[in-house]
Each structure stands twice: as structure tokens, then as C-alpha cells.
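Chain and residue survey
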Amino acid sequence: MKTRMKALILSLSLIVVAGITNIYAETVTIGMRTNPTALDPHFSKDGGTQMISMQFFETLYTADDKMTMQPMLAESVKVIDKLTYEFKLRKGVKFHDGSDFTAEDVVFSLKRARDIKNSAASFASSVKPVKEMKIIDPYTLQITTKKPSPLLVKEVSRIYIVSHKAAANASTEDFNSGKAAVGTGSYKLVKWTSGEQIVMKRFEDYWGDKPHFEDVIIKNISNDASRVAGLLSGSLDIIDQVPPSDMEMLKNDQKITLWPVSTARLIYLHMDHARDKSPFITDDQGNQLAKNPFKDKRVRLALSKLINRDALISRTLYGLGEPSGQMVPEGVFGYNPDLKPMEYDPKGALALLAEAGYPEGFGVTVHGPNNRYLYDAQVIQTVAQFLARGKIKVKVETMPKNVYFKRATAREFSLFLVGYGTSSGDGMSGLSLVLATYNKETKMGSNNRGRYSNPEYDAIINKAMIEVNEPMREKMLQDAAVIAFGDIGIIPMYFQASAWATRSGIQYNSRRDERTLARNIVPAM
Amino acid sequence: MTVFIVRRLMQSVLVVLVVSMILFAGIFAIGNPVDILLPPDATQEDREEAIQALGLDKPLLIQYGLFLANAVRGDLGTSFVHNVPSMQLILHRMNATLELALLALIFAVFIGIPLGMLSGAHPNTLLDRTLMTGSIFGFSIPNFWQGLMLIMVFSVFLRWLPSTGRGETGTILGIETSLATWDGIQHMIMPALNLSLYKISMVMRLTRASMRETLPMDFVKFARAKGLTGRRIIFVHVLKNIMLPIITVIGMELGSLIAFGVVTETIFAWPGMGKLLIDSINVLDRPVIVAWLMIVVLLFISINLLVDIIYSVLDPRIRLSDVKS
Amino acid sequence: MTDPIIQLKQLSKQFIRNLDFAEKAANLLGAGIKKQVVHAVDDVNLNIFKGEVIGLVGESGCGKSTLGRMVAGILKQSSGSIRYRGKDIHQLSTEERRRVQLNIQMIFQDSMSSLNPRMRVRNIIGEGPLVHGLTSQSEMDDYLDNIMIRVGLDPEFKRRYPHQFSGGQRQRIGIARAIAVKPEFIVCDESVAALDVSIQAQVLNLFMKLREDLQLTYLFISHDLGVVEHLSDRVVILYLGRVVEIAPTEALFEQPNHPYTRVLMAEVPRINLRHRKYSPVAGEIPSPLNPPSGCHFHPRCQFAEPRCGKEKPLLKEIASERFSACHLNE
Amino acid sequence: MSESLATEHTATYHETDDTLSRQIVRGVLNSKEATFWLTVGLIILSIALLAPWIAPQDPYDLMVLDIMDSRMPPGTKNFDESLTYWLGTDGQGRDMLSAIMYGLRTSISVGVMAGVIALILGMILGLTGSYFGGWVDALIMRTVDLMLGFPTILVALILLSVLGQGVDKVIMALVAVQWANYARVVRSAALVEREKEYIEAATCLGLGHWRILFKHLLPNCLPPVIVIGTVQVAHAISAEATLSFLGLGVPITEPSLGLLIANGYQLLLSGMYWISFFPGVVLLLTIFSINIVGDRIREILNPRLLQEGEN
Amino acid sequence: MPDSEPTLKVEKLHTSFFTKAGIVKAVNDVSFSVKRGEILGLVGESGSGKSITAFSILNLIDPPGRITSGKILFNGRDLVGSSEKEMQQLRGNKIAMIFQDPMMTLNPVLRIDTQMIETIQAHEKVSHRVAYERARDGLGRVGISSPEERLKAYPHQFSGGMRQRVAIAISFLLKPDLVLADEPTTALDVTIQGQILYEVQKLCRETGTAMVWITHDLAVVGGLADRVCVMYAGRIVEEGGVDEVIDTPMHPYTHGLIGSVPSQNRRGQVLYQIPGMTPSLLSLPKGCTFRPRCTQKTEQCLEVPQTLRTSSGRMMSCYNPFNQGL
């Protein structure tokens, strides 16, 4: 009797405890820094929007956590000729409304992305190379391009596939309300309250591995401190973009686990390569210098050697960074394992400067944004400190990004800090946009605000642009990187890092693209 | 009264026009929003397309004309960033801001006026001097730093109050408000206090000054000579007179409370209009900036009109002079 | 008598507040708002002769200060003319006008507000003569001493500021400022009204002394019949901007003609009238914004006839040197 | 007459021979509290003026900064123990004490310069408007109304987002929002003064327009201008700090107090209070001392209150 | 109460203001009395302490001023040292006051009826209706036509003269035993002054109220008052029947004052002028305060002169008076 009673009580309480933990385990609340502008996945390339789109919608191919491309709604792609690709689509995929996914949805989505109205950042350019789409059968699609486009698969894979039935003639409003927000993703939308939260539910008919948590609430909390406070108080289970200044504190907290990852966003210094007289380069007295020292490779090399990447990352960025010697991190297509970050070598730098004819340095103003990258203004100041060690008289000027980028594009600066994030999982775009010779017609080097120009490099890149053989293309990109970085076309400093923090008991499989995906949240092992 | 309203309305239209014109031109000068909206790896082609898509390629005057034409129909443009009507975006956030501003105003009135009256009734006493020095302190302390210190003391060291966000909201009388939940109230205390300290000081000084001005007036002495009690003299004769300037100032201050929300909302991460403005400035979301300011201008104008009407109800002299004119 | 030193011809002053745009708009909506016109001074004719003292009497709002300010050149008339020694002041050349302007000075009522509080007495009195070259920096001190002694001020005090003086002394400073530019004609606007009786007597005596010493002509504006009676040769009675009666002082006080003058005479408190039984005058002083029609005084007049409400009575000579504007005289 | 001369000697109401400045100085020194805060204010001012000579470090000299010394708590010594960071260091390894001294320099000069320029501009416009009236006045005053209708910080914010960053831009923005205050005060003072009889007397004396405007009207409009001048300078300092805090003010390399506070804002929650706390205290002391002295000046220049104060 | 007992008897009243600059002896050893139905003129120039005397009687002196000594006997009861509550019951009820500036005495934001009714209800427990009717009747008594309508008006809708009538109506509402009138006609025009004097005279006669009429204008006092007190620098220098004081002034100040008034008899002549000016109350001359301005002064005047009373009810304090024979 007594033992039975005990057993009963024990089992009851176990049930209760289990019940509680079970309920607890089923729902997860995310504190997300960014905010979707709309739930229409084609409306904006903006990161906050894409991050949310990715919860509900899927693409033909996708970059995995390491930014390596993996098939998703497409099972495979075949290159028929230089201009034609044939996609084999995944069968048995269902939309949230229960309808089947077919080639028709792909065609509809690609067209919709091209024709979207009123958007500042549409995907139109991704679909631009597409000349024709031909549905061979419901699961086979042929895409013909206007000219050879090696990046076609990656480009069309940026476009989320929406249901052609649900989204026909749908406006942004219809997506926001959930009416048209019908995808094939592992979660489906329950309710969105703009600027506040998104409620989602696991899609039980999902074609692939089902995510662990049934109910997910994403709270949009842009304030860093609030996210941290929410996590500490237990109202949030996981937060993204942990503020660097709180890393130390969270690391010491037993109940919190950090999940850092370095991203594919390279923070680098651009130098004015093109002009003989650069606007912000002066002598000791502040008069403009007749000669542009950045045209001398020794000077560029010296500058790179002056930067103490480790100190910068540990002190200014609280550890949230990874020193870099090239455009992309490991795992991204085109990464060259031989290119190491430049060593900190102030003595060597001074020697190089003296050799180049600047034993007493020169004057330069470093420009940078103050609200674009992680601690950008602080980083610039620290960089200035480093450069000062090379007897360079540095001034620092930072400004809001809206002013900064306009001026940077107009080439008003001599030495300036910029970031480039490779979002496609392919090193091609960075190399061609940032380092290739600027050409208004071909759009090459459109981010090359320093106007670095190296014909040898351009030749390889141009070849790679039309090379559809992937291993060959990878080799080309790696070779190109050796040329440009050996020449110090830009000074790569570090890959910005990012961290998630979870309460103990769950873990986050961090993603290099900084995206917070609900399906990546799993119970801790 | 008709003249009064007609005059005010005409002035208002003029103000709105002028402000919108200045704003439009000014924000046009800041820069091209496309640079911000596009991802950093966007191509020149993307840029040009975006510019066209947003209608930014048209001359400024035409853009302004289009804006005006739409504004008259109640459409203040669609956010570049959010692709929803700016108006909707702002109104959605307005609730939180107004709630905060009103609570701050209530603090200012119910703390400021009694203290000011106390001070004014006992001039040059220790109490008066302490209160007055306190009030100078109150409007000397920079608003944002005061917010930080509140957070430092009450959130970081004492851990009594949450430092950021709006907390849980509930619904009272169909209005979503933080005051409906305990959590919401906790979240609101510090921001409201932060917003109101300056106003408390101001109202206090104003009340005191009005008291000092009113108390020596003949009609107060006459009221005493009539044998009225001190209470009636203070709470009827004096209070009704000093309410006039106070109401004007409070009306004007409500406007500035909304504006100062920009700072407070930034510090306490209060999801109100102020933060929206700062965010929109940062991304140059022109339709939202312009709409924001238009709405605030309209808000100011209506508050002023309201204050003037209340004023004329309270002050019989105003009412009559208007009828006469 | 010789030619008048000052001649006022049909002098009028209206203060008009025009409708603003909003009011006009409101009128379109049927608000019925009219523009406001105050006839502060209405068709005044007056000759003032060298050496005489004219007393200008009236109750508040009757336009006596406005009239005084027009004569002193501070306000410009709306219509009519002011002639100085036969010449219309507003048709003179700038240089001549400046000279005429100096010849006509004014002494104000409020001794505090009429002296610049941030200037020393020395500058208050000396600025005019210096600017107009009546004296030079080097001779200034003697010039000032002379004037200050003349008005009964200790020259020692010339470095002081106005607030360091008593009301009576300040009024003397005002007088000194006026006579420092050697005027012929002085407008005194209620210049003794704010002073205590004992001080008032001092200032009145000073006025009389200066008149003799400097051969001054005064336009003496006052509401106080006693003071006017004491000082003036002739008296002008104003009622709501219009002259109702002009007469030599003694004649006026002995036998007032106009009903308003009579009421005024009856009500004026006199030290030698004791234990009076007061009898109330009917009515209030009407607002100058909408004065009664016809004779302005008719609603309060016990002799009023129907005609008085319709027709404006003209100022007519009723006896030698006596003028009155009343229908009853016909 | 000689009789009255003799006796009037004995009774003068105020024996003192006051000029405006003497009146103010004497009045301030009469109050212990005001004197104390005036002293504090003067000390702060001298620190700001002497910063380059008394600061332990030149916080603008990148050579002496060491990122490895960043975020040190108060009292820490640098690596070779040559320098003690009495108030700690900021995120760049700047000595906070030095940074505050230099920041004070920026804050005060911005506030004072903005105040002075706004005062001159506002005074000229206000005086012109009131004296000439008509459409000139209407235009000026409608602009003033428009400016004052909006809260300072909002207008400055929008202006700065157009103008961009920089000390000169901040000053421009502050002048733009403050001149209207001066113009309004000067105008209303001038309107009151203009009605006074001493102006009529001056007209009567045939003095020229400009002479009346500048020698008679202007000096009498000064007291309220002085009063709001102090308030406005304090306000300008505060506004500059706010704008810098919001990231729209002075450039990051020459931080004013507001920017120093902003730099420490994120760290405050992690317990690194010193970066935001100390500059804030100095900022508060600066503004508070100006306001206290300003308040006293207001009392001195308000005759009604003065009598009260003397009782 | 026997008729001979004065309604108000002020004895050796001293009221001083204790300021930073020194002690201002605003009322200095003042004694006088008023009988039922009598109008006493209290005459003096500005700063002579006449208004402070009135406020002292009502105990409405604000700090830093206070009554330092003396007695104020109202119907035989000493008001000095009475509690604020007792005074409140007297004010407006038994002792009323009329102020100088009619534009300032009424509260601008309260309607006339409110201001009248509150006075009644402050002292008598009557219904609003009754109070209202009494207020209406009160207005009628001071010659305001259609009082019913006027009660609903605000003060600014009235002219100065009308406002003064309202103030007078309020003062007489509760049929006080004593009314203190502080220059109630100074700010008014001559014709309006006449109207007010008429109303006041009528009301006093009807109700038998004793009145202290404070003024600087000897001529008004001459027409209205029964007796007159002349104040100079905080002291009463002469007291007596109106005719006696004006016709045969004894104190040199009174003498000079009357001589200073311009009048018909001396048209165009040099006025008599009292030399000098009123002394500052902060630093009064030693002895007789009038001494520095006095033409009759002797060595003796360095001591404060005794108050002399004659059999005819006159009083003055001077060592060398005029018209001594009388």
C-alpha cells in the first residue's frame, strides 16, 4: 500500500514534470535583432526580410551552414549547353496549403521576382540572365540564358519559391497577413505583428527532416540590451547577434551557452589606387601630397603589416572576428587555404615605408561608417592607432552609413573601411565586384571604390565568369585571389563574427550567413 | 471663435506646406536611399533599377507634386523599406509613444503643480529654496544621461526594473497599453520618469512663478478681505488664474514630450515613433521621415488648437475678445 | 494777439485695425466682422499763441494724449494739418522739420518710463543738444550745469541713473531734457498727475517760472481741473475726440456753456466745498470704438433733444473768444 | 528753489551707481549658493581652457593610445606604470580624465559659440522686426513661430541628418534652432520698451532711427537677453551632448562629453560604468552651474523679484 | 452697545516691516477712532502709512511686516492677537474693505455672482438661492441696472466705474459695521468719481456703517468726510473736524499741504510748496519727522512732539503749531 502510494505519487509527479518540460520543450522563443520589412519573400533582398522568408520558403539550391551549396527543391541540375540548364525538381514536396510543388511554381516565382513593383532591392537582377523557361514535365525545368552565366544556379537559388496558386496577384499586404505566405518550408506562418513578433508552427507535411520544436515565436528586438535581458530573464530561449560588450558576461554565466561563428563578411580597407593625387593624403603640414603613396605596393604592404589583427579582434571586437587574408572564409567556394592573414610586423612596416620614401610617414584620413558594421567606428579608431605606429599621421572621420556610402561611391576618400559579405556562397561575386577593374559597361568592379586594377587578375576573372566547370572555376578563383591579395589590392582585416546565445538545454547550429533559422535550434546533446 | 478657428486652420495649412517643402528638399539633399537599401554587393544595374522603381529619377518638384497630390488624399507615401503605407507604420507605433508621453505629462502635472504651489506659497523658505534648486537640477541633467543613470541604478545595480522594451501589453477599453499589465507598468516607470523629470521641473517653476505673480494681486487681497478661507483662495481664486499659463505650457510640452521621446525611446528601446524616426533617418526612408514629421506637425497643431480652446474656456477675457473681433 | 505759433486745422487721428485675411475669410462664412476704427481725435481746430498756456481737459479715452503727441510730432495725423508759425510741418524740408521738431518738446506723465533707465542723467539731458550741435563735448558740462540748476537739480548728480532719484526729481530731469534743446513750445502730458500734492506744487511752480524765464508756450494736458485752472490762460474741453468747448479760463469756470463742461465743473472736488450731497451724472463714458451718434454727449445730457442724437454739433463762437459745440446754443 | 536743492540731497533712493554688469556681479556675489556654483563653473571653464596643459594625456594623439589598455577600471596603471588612469579608460584605451578635460573643451566651445552666434543673429532680427514692423516683422515672427513650434532636438536632429557631422555643423544646427528664442525675447522686450515714453522723448528730440534703435532701445532689451542667454548656452551644451549621443554630433575622434557618454553606453550594462558616468557628472555640473548662476541673474534683473529678494 | 462707544478705536498702533535694508516703521504710534455712521478721512501722501493702517486693522499685513504693538478695538474687542480664524469671520462680514484699483480687485476668471455669493456663504449658512438673491439685490443697491443679467458677467465686461460699484456692493453685502475704503476713486474719472461718492454716501447713510476713507485728495475728503486725520511718515500729525482742519490747519504739514492745492482763489499765483520730499521710512529724521521740511522748526523739534488734544476734539502733535489761538 505504502509503496504503491509512493510509486503513484512518484509516477504522477514524473508525469507532471515531464509534462511541464515537454510543453517547455515544444515552444521556443527567439530574440531576433532584425525585423522583416515584409513577409513577401520577393520584396526585398534586405537581410531581415530574407531571414524570415527562409523560415517559410525554400529555394532550388541553398547554402548550408558552412555556405556550401546544397540541393533543396531541385534535386540536381544538368548543364545541357553553355546557355541551357535543366533542373530536376524534388518530388513529393507539399506547400503549406497541401498543394503539390511543381515546375509551374518555380516559373511563377522567378517571374514574380522579376516583376515586383516598388522595391528598392528586388531580385530582378538575379533573374536577368534568364531568357526562357521551359517546363518539360512537372518536375523538369529547362532554363535558357542570354549569355553564359556560370552563377545562374546560385542566382536563381536566391529566389524563394512561392505557391503559384496562393500568390497569384497577391500584394505585399496579402503576404503580410499570411494569406499568400504559402511556402514549402519546415515552418508555416501563424501570425505576424509587424515590428513585434512572428508566430510559427511546424509544418507536419514537410518533405525533409522535421525540425525539433513545434511552436516557434520570433520576437523582433532590435535593442541589444533588451535581447540580452530577455535571455537572462528567461523570456527568450535564444538570441542572435549577441552584443560584443556582453560576450564576457554571458561567457561567465553558467545558464547560458554561446554559439559563435565567423561570417563571410570581410571587413577590409580600401585604398585609392587610381589617382596620382588623392584627396586625403597630405604631408606633415596637412598640404596635399603630390604623390599617392598607395600606388606603391610597399606602402600597401606596410599598412597591412601595421594592423594587429589579433589585438583588434580581442580588444575592440571582444573576440568577435576572425583574422583574414582573403575575400572568403573557409567553406565558401573559391577559398584559398594558402592565403594566410598578414602577420603583425611594425618593424617590417617601418622598414618598408622608409624604403618607399616615407621614413617619417605621411598624413592620411581614414574614413568609415559609424552604423554599418559591428563596432565600425571603434574599429576605425583602433586601425588609426595601428597606423600611427608606422609614423603615419592619421585622422579619423566616421559618418552615418547613408552619407558614407554615397561619398565612398563617389570616390571622395583615400583610405576607407568597407565590408563585403559574400551571401551566395560563391567567392566569385566578391572577387569580381571588389577587385576587378571598374567597368561601367560590364558592371565589373562596381564595388571597387579604390579602383584597384590589375590586367593579369582581370583576365583570370573574366575567364572564370564564363567557366561553367566548377572545379576549374574554383582553381581560377583561387589563383585570382593570390594575385590580388599578393598585390594588396585591398587590406583584408577580419571576418566579422557573430554569436548566438541560448539558455542551457538547447543548442544552435550556427550558420556562417548569420541567419537565425528556427530549424537549426535543437536540444543540446 | 469662427475667426479664431479659420485663422488657425489657415496658419496650419501654411505651416504644413512650408514644413513639407523644407523637409522634402532637405531630405532629398541628404542622399540617395538606394545606397542604403541595396545590399553592399549590389551592382550598378541594381541601383538604377531601384532608383526607377522608387520614382527617384523624376525631378524633385515632380516628386513633391506627386507627394502633395497623394497627401491630400490621405496617402503619405509608402515606405521604401517596409513597403507599407508610412501612415500605417507610424500610427502603429504612435500608441506606445502617446502612452509614454501622456504618463510623463501626468507625472509632470501631478508632481509639478503641487510642488510649485507649495514653493510659491512659502517663498524664500528652506523648502522653497530646496525645491527650486532641485528643479534647476531637474532641467540641467541631460535627458539621455539621466536615462542611463536610471538604468544603471535600477536595472544594473538594484535589478528592480527592466531596462528596455515595452513589456507585456494588455487592452483597456480597446486600447492596447502597457498600463494593463504589471510587467508593462514596470517597463514604463523608468522611461516615463526619464521623460518627465525635465517637465516636472518646468511645471514646478512655472507654477511657482505664477503663484508669486498672482498672490500679491489685489484680487487675492480682496478675497482675503472678504473673509474667505485660505483654502478657497488658493484652490479657487489663485489656482484658476495660474492654470492659464500652465495649460498653455503643458500643451506645448506635450508636443515636445513626443519629440523628446526620440531620445528616451532610443535609450529604453521603447518601440515608439521616436525610434522609428531615428531608424528611418539612418536608412533614409524618405516617405516615412516626411510622413512622420507631417503627422507630428498635425499633432502639434491640433494640440495647440485644443489648448487654445481650453484656454478660452478657462479665461473669459479671451472668449469675449474673440466674439468682439 | 499776433499770429498763432501753432495752428491745428481739422486735425484728426484714427486708429484703424484692418481685417486680416482670416477675418475676411470668416466674413465670407457670414461672421460679420467689421474693421475697428477709433476716432481718437476728430476734427480739431485750435490756435495757440506765443506765450499762452492752453489747458487741455478731458476724461480718459477722450484723445487728449493723442492730440498732444501729434502736436509734439510723435504721432502723425490721419488728416488735417499742424502749422508751426504758419507753415505746415509735414510739408517742410527735412532740415527745417528737424528744427521745428526741436522747438516743440514734450514732458511726459510717467517720470520713470519717460527716462531711459540705462542712461545717465548727463546723457539723458545732454544727448539732444549734443546731437543737434547746441553744445559741444567740451562745453557740455557747463551747459548741463546751467540747465540742471535752472530746473532745481544738483549738477553733482549728473552721473547718476534715473532710478536713483525721487519722482519729483525725475520729473525735473524730464523738464531739463525738454528745455535743453531750447524749445519755444512745450506739450505737458499729465506731467504732474503722478506726483504727490506737495511735490506737484513744486513742479507747477517750476513750470510757471520757466514760462517766464524762457518765454515758453504750453499745451498743458490734464484731467485735473484744479491744476488746469491754476495754470492756464485758456482751456479746451475734449469729449471723445472732439472739442466741446474752448474758453478763457476764468470765463469757463465762472460760466461753463456746454452741458458736459457743466457736469465736469459740478463734479470736480474742491477743497472749499464741504459736506457735499453728491448727485450722480447719468451713464458711463462711452467706448471710443463706437461713440454715440450726433453729439457724443447726448446719452448722458440732461438737456438732450432729439436733434442731438442725429446731428453733430459744430464748434461755434458763442461770445468773444468763447466757443462751444452744442445745439442748445442756437 | 535753492531750498529744494538743499533738501533733496538727503534723499536718494539708491546710493549705488549701477551699470548692468556691476549690478549682475554684485547680485550674484550676494548669494552664497550662486557664488559657490559660479566658482564651480569657473573651475570647469578653466579646466576646459587649460586642458592641453593639465591633462595627463593627449587623448587625440593616436601615438599615445594603446588598444591593449582599453576599458581599464579607474585607478589602473598603464603597462609601464608611468600613468595612472584615475577615471579608467575607454574602449580605445584613452585616459578618461584627459578625455573628459578635452571633451569639456569641445562641449563648452560648441555651446558658447552657438549661443553667441544665435544671440547676435536673433537680436538683430528681433530688433529689426519690432522696430520696423509690417511685413518684415511678420516674416521674421512667422519663421520664429515655426521654429519654436518644434522642439529643439527634433529640428536639430533633422538638420544634422542633412548637414552631416562635425563641430561646425553642430554649431550651425544649434544656431538654427536657438536664434528664434533670442529673436522672440528681444522682440517682445523691444515692443514693450518701444511703447515707453523715453522712446517718444527721443523721437521728440529729433534723434535718428539708428541712434534710437541702438542707443536707446537695444540696451534696455538686454536684461531678458542676458537671462535667456545663460539658459540657452546651458541648453546648447546639453543639446550638443544629446546629438552626439545619438551619433549625429561631433566626430568620434574628438569626443565631446556627449560622445564619451555614448561610447560607454553599451558597456554600462556590463558594469563598466566609468565610461559613461564620469563625463556625465562633469556635463551635469557644467550645465547645473550655468543654470544656477543664470537663475540668480534672472532674479537680479527682474525688479519685482529683486525687491522680494531684499526683504 | 451704547452709541458713544466708537465702532473702531485704534490705540498707539505700530506696524513695521522688517526688511534686509532695515526696519520700516510704516505705522508709527497711530491712534484714532470712528463712530457708527461716521466717515473719517485719512489723508496723507504716498508712503505715509495710510493703507498699511487699514490693512493692519484687518490683520492683512504680510511678512516681513507685522503689528508690533498697540490696540485695535473693534466694538470693544481687541483685534490685535486675534486668531486668523476669528479674523476671517470678521473680514467681509463686520469689517469690509474697498480697494483702490477697480480693475484689479475682482478676480478676472470668476463670474460676478460667484464672487458675491462666496462672500455671503463664507459667513452665513444660507442656500445658494438665497445668497444669489441677496447678491442681486446688492448689485441693485449700488445703482447697477438689470443686476440679474450683470451677475452672470465676468469683471472684464465691466468698465472701471462699474467694477468699483461691484466691489462696493460686495463690501456692503453683509451690512458691515465698518468699511475701510482705500482710495476707491483715485483711479476713476471725475464724472465717475462723482457717481461712486454718491453711492457710498448713500449706503453709509442708509446702513449707519462707520467708514474710514483713505485718500491723498484733500478735496474729496472735504466733500465727504465728517472728520479727518492727516498722516505724515507713519504718524497722525493732526486730527479734527473737516472744516476746522481745512480752514484752520494747525500742524505745519497740514498747513503746507492745503497751501499746495491749486484752487480758484490763487489762480496763477505761485503755490505754497513744502520744501524737500517725504523722507524714507527706513531712515526717519530724529524727533519730529517733519522737521527737515518744516518752516517752524526749533531746537525742541529734535524730540518727538507730544500729542495735544483740544477740548473741541482736535488733536495734533507739534511744538509750534499754526492757528494756536483757536
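This is a predicted model, so every value here is computed, not measured.

Parameters and conventions
- Residues numbered from 1 in each chain as written.
- Chains lettered and ligands numbered in written order.
- Predicted model: local features only at pLDDT ≥ 70, side-chain atom pairs only at ≥ 80, totals over all residues.
- Heavy atoms only, no water.
- Helix = DSSP H or I, 4+ residues; strand = E, 2+ residues; numbered from the N terminus.
- Buried < 20%, exposed > 50% of the residue type's maximum accessible area, 1.4 Å probe, protein only.
- Contact = heavy atoms within 4.5 Å.
- Expected span 1.5 Å × (residues − 1).
- Axes fitted to C-alpha atoms, helices over the stretch in contact; angles between N-to-C directions.
- Parallel < 35°, antiparallel > 145°, perpendicular 65-115°, else oblique.
- Left-handed = near helix turned anticlockwise from the far one by under 90°.
- Nonpolar A, V, L, I, M, F, W, Y, C, P; charged D, E, K, R; others polar.
- Buried area = accessible area lost by both parts, 1.4 Å probe.
- Salt bridge = Lys/Arg side-chain N within 4 Å of Asp/Glu carboxyl O.
- Polar contact = N/O pair within 3.5 Å; in protein donor to acceptor, adjacent residues only side chain to side chain.
- Pairing = 2+ DSSP bridges.
- Phe/Tyr/Trp six-rings, centres within 6.5 Å; stacked < 30°, edge-to-face > 60°.
- Lys NZ or Arg CZ within 6 Å of the ring centre and 35° of its normal.
- Core = buried A, V, L, I, M, F, W, Y, C linked by side-chain atoms within 4.5 Å.
- Domains from an automatic or database assignment.

Scanning chain D for helices and strands turns up twelve helices and two strands. Along chain D, helices and strands appear, N-terminal first, in the series α-α-α-β-β-α-α-α-α-α-α-α-α-α. With respect to the principal axes defined by its C-alpha atoms, chain D has extents near 85 × 50 × 30 Å. Buried residues in chain D amount to 59% of all 311 residues. Within chain D, counting contacts between residues at least 6 apart in sequence, those at least 24 apart form 70% of the total.

Now for helix 6 (residues 126-140) of chain B. Under the 1.5 Å per step criterion, the end-to-end length of helix 6 of chain B is 21 Å for 15 residues, consistent within 8% with the ideal 21 Å. Among the residues of helix 6 of chain B, B:Asp128, B:Leu131, B:Met132, B:Ser135, B:Ile136, B:Gly138, B:Phe139 and B:Ser140 are the ones counted as buried. Tucked inside the fold, the buried residues of helix 6 of chain B contact helix 5 (86-121) and helix 8 (182-214) of chain B together with helix 11 (274-301) of chain D.

Residue and element names in this part refer to chain D. The interhelical angle for the contact between helix 6 (residues 152-163) and helix 9 (residues 209-245), taken along N-to-C directions, is 50°, at an axis separation of 11 Å. Classified by the interaxial angle, the pair formed by helix 6 and helix 9 is oblique. The handedness of the crossing between helix 6 and helix 9 comes out as right-handed. Residues Thr152, Ile153, Ala156, Leu157 and Leu160 of helix 6 form the contact with helix 9, whose own contacting residues are His235, Ala239, Thr242 and Leu243. When its residues are assigned to classes, the contact of helix 6 with helix 9 shows six nonpolar, three polar and no charged.

Take the interface of chain C and chain D next. In this assembly, 40 residues from chain C lie in contact with 32 residues from chain D. Taking both partners together, chain C and chain D bury about 3,200 Å²; carbon and sulfur atoms supply 53% of that area. Contact with chain D buries area across many residues of chain C, yet C:Arg118, C:Glu127 and C:Gln164 alone supply 19% of it, more than any other trio. Residue C:Arg69 is joined to D:Glu197 by a salt bridge in which the shortest nitrogen-to-oxygen separation is 3.4 Å. Linking chain C to chain D there are twelve residue pairs in polar contact (both at pLDDT 80 or more). Of the residues belonging to the side of chain C that touches chain D, the class tally is 15 nonpolar, 14 polar and eleven charged.

To continue, consider the interface of chain C and chain E. In this assembly, 44 residues from chain C lie in contact with 49 residues from chain E. When chain C packs against chain E, close to 3,900 Å² is buried across both sides, 54% of that on carbon and sulfur atoms. In this assembly, chain C and chain E are joined by zero salt bridges. At the junction of chain C with chain E, the criterion picks out twelve residue pairs in polar contact (both at pLDDT 80 or more).

This part is about the environment of A:Arg315. Residue placement: A:Arg315 occurs in helix 10 (residues 309-316). Residues A:Arg315 and A:Thr382 lie 67 residues apart in sequence; the distance between their C-alpha atoms is 9.4 Å.

So, about the pairing of strand 7 (residues 140-145) of chain A. All names here are of chain A. For strand 7, the buried fraction is high: six of the six residues fall into the buried class. Inspection of the sheet shows strand 5 (residues 84-89) paired to strand 7 by five bridges, in the antiparallel sense. Each bridged residue has a counterpart across the sheet, and for lysine 88 the counterpart in strand 7 is threonine 140. Where strand 6 (residues 130-137) meets strand 7, six bridges bridge the pair, whose relative direction is antiparallel.

This model, assessed by the stated rule, comprises 38 aromatic pairs over all chains. Measuring from centroid to centroid gives 4.4 Å for C:Tyr239 and C:Tyr260, while their planes differ by 50°, and the two rings are tilted. Highlighted residues: C:Tyr239 in strand 9 (residues 234-239) and C:Tyr260 in helix 10 (residues 259-267), separated in sequence by 21 residues. In this structure, C:Tyr239 and C:Tyr260 share a single accessibility class: buried. Each member of the aromatic cluster is reached from another via a ring pair, and the members are A:Phe280, A:Tyr404, A:Phe405, A:Phe413 and A:Phe416. Directly above the aromatic system of A:Phe333 lies the positively charged group of A:Lys154, at a separation of 4.4 Å from the ring centroid.

Residue and element names in this part refer to chain A. Within the secondary structure layout, leucine 374 lies in the loop between strand 15 (363-369) and helix 12 (376-389). As for leucine 374 and leucine 303, which are separated by 71 residues in sequence, their C-alpha atoms are 22 Å apart. In this structure leucine 374 touches Pro244, Leu317, Leu320, Val379, Tyr494, Gln496 and Ala497, once residues within four positions along its chain are discounted.

On to the nonpolar core. Ranked by internal contacts, the top residues of the largest apolar core, which has 253 residues, are A:Phe362, A:Met493 and B:Trp292. Per-domain counts for this core show at least three residues from each of domain 1 (2-72) and domain 2 (90-282) of chain B.

Every regular strand shows the same layout, with side chains that alternate between the two sheet faces. Residues and elements named next belong to chain E. Burial runs high along strand 7 (residues 178-182): five of the five residues are buried. As defined by bridge partners, strand 6 (residues 95-98) adjoins strand 7 across four bridges and the pair is classed as parallel. For alanine 96, the partnering residue across the bridge sits in strand 7 and is valine 179. For strand 7 and strand 8 (residues 210-215), the ladder comprises five bridges, and the chain directions are parallel.

What follows is about the side chain of E:Glu239. Residues and elements named next belong to chain E. In this fold, glutamate 239 is placed in strand 10 (residues 235-241). Taking relative accessible area as the criterion, glutamate 239 reaches 4% and is therefore assigned buried. For glutamate 239, the side chain forms a polar contact with the side chain of arginine 227, separated by 2.5 Å.

Residue and element names in this part refer to chain A. By the definition in use, this model includes 67 salt bridges over all chains. Lysine 94 is the salt-bridge partner of aspartate 100, the closest N and O atoms lying 2.8 Å from each other. Lysine 94 sits in the partly exposed class, given a relative accessible area of 31%. One salt-bridge network, held together by shared partners, links Lys154, Asp426, Glu470 and Arg473.

With that settled, the discussion passes to the arrangement of the chains. Contact analysis covers eight pairs of chains in contact, and the most contacts occur between chains C and E. For the non-touching pair chain A and chain C, the nearest C-alpha separation works out to 42 Å. Separated in space, chain A and chain E share no contact, their closest pair of C-alpha atoms being 49 Å apart.

All names here are of chain A. Across the sheet, four strands lie side by side as 4-5-7-6; this open sheet has antiparallel pairing. The open sheet is flanked by strand 4 (74-81) and strand 6, the only strands paired with a single partner. In this sheet, neighbouring strand axes are inclined to one another by 20° on average, regardless of whether the strands run parallel or antiparallel. Contacting strand 5, strand 6 and strand 7, helix 3 (residues 103-115) runs over the sheet at an angle of about 165° to strand 6.

On to the sheet that holds strand 3 (residues 39-43) of chain E. Backbone hydrogen bonds are what pair the strands of a sheet, in a parallel or an antiparallel way. All names here are of chain E. Strand order in the open sheet formed by eight strands is 6-7-8-3-9-10-12-11, and the pairing between neighbours is mixed. Each edge of the open sheet is held by one strand with a lone partner, namely strand 6 and strand 11 (308-309). The pairing of strand 10 with strand 12 (residues 315-316) spans two bridges and is classified as antiparallel. Bridge pairing in strand 12 links glutamate 239 to methionine 315. Docked against the sheet, helix 1 (residues 50-57) engages strand 3, strand 6, strand 7, strand 8 and strand 9 (227-232), running at close to 150° with respect to strand 7.

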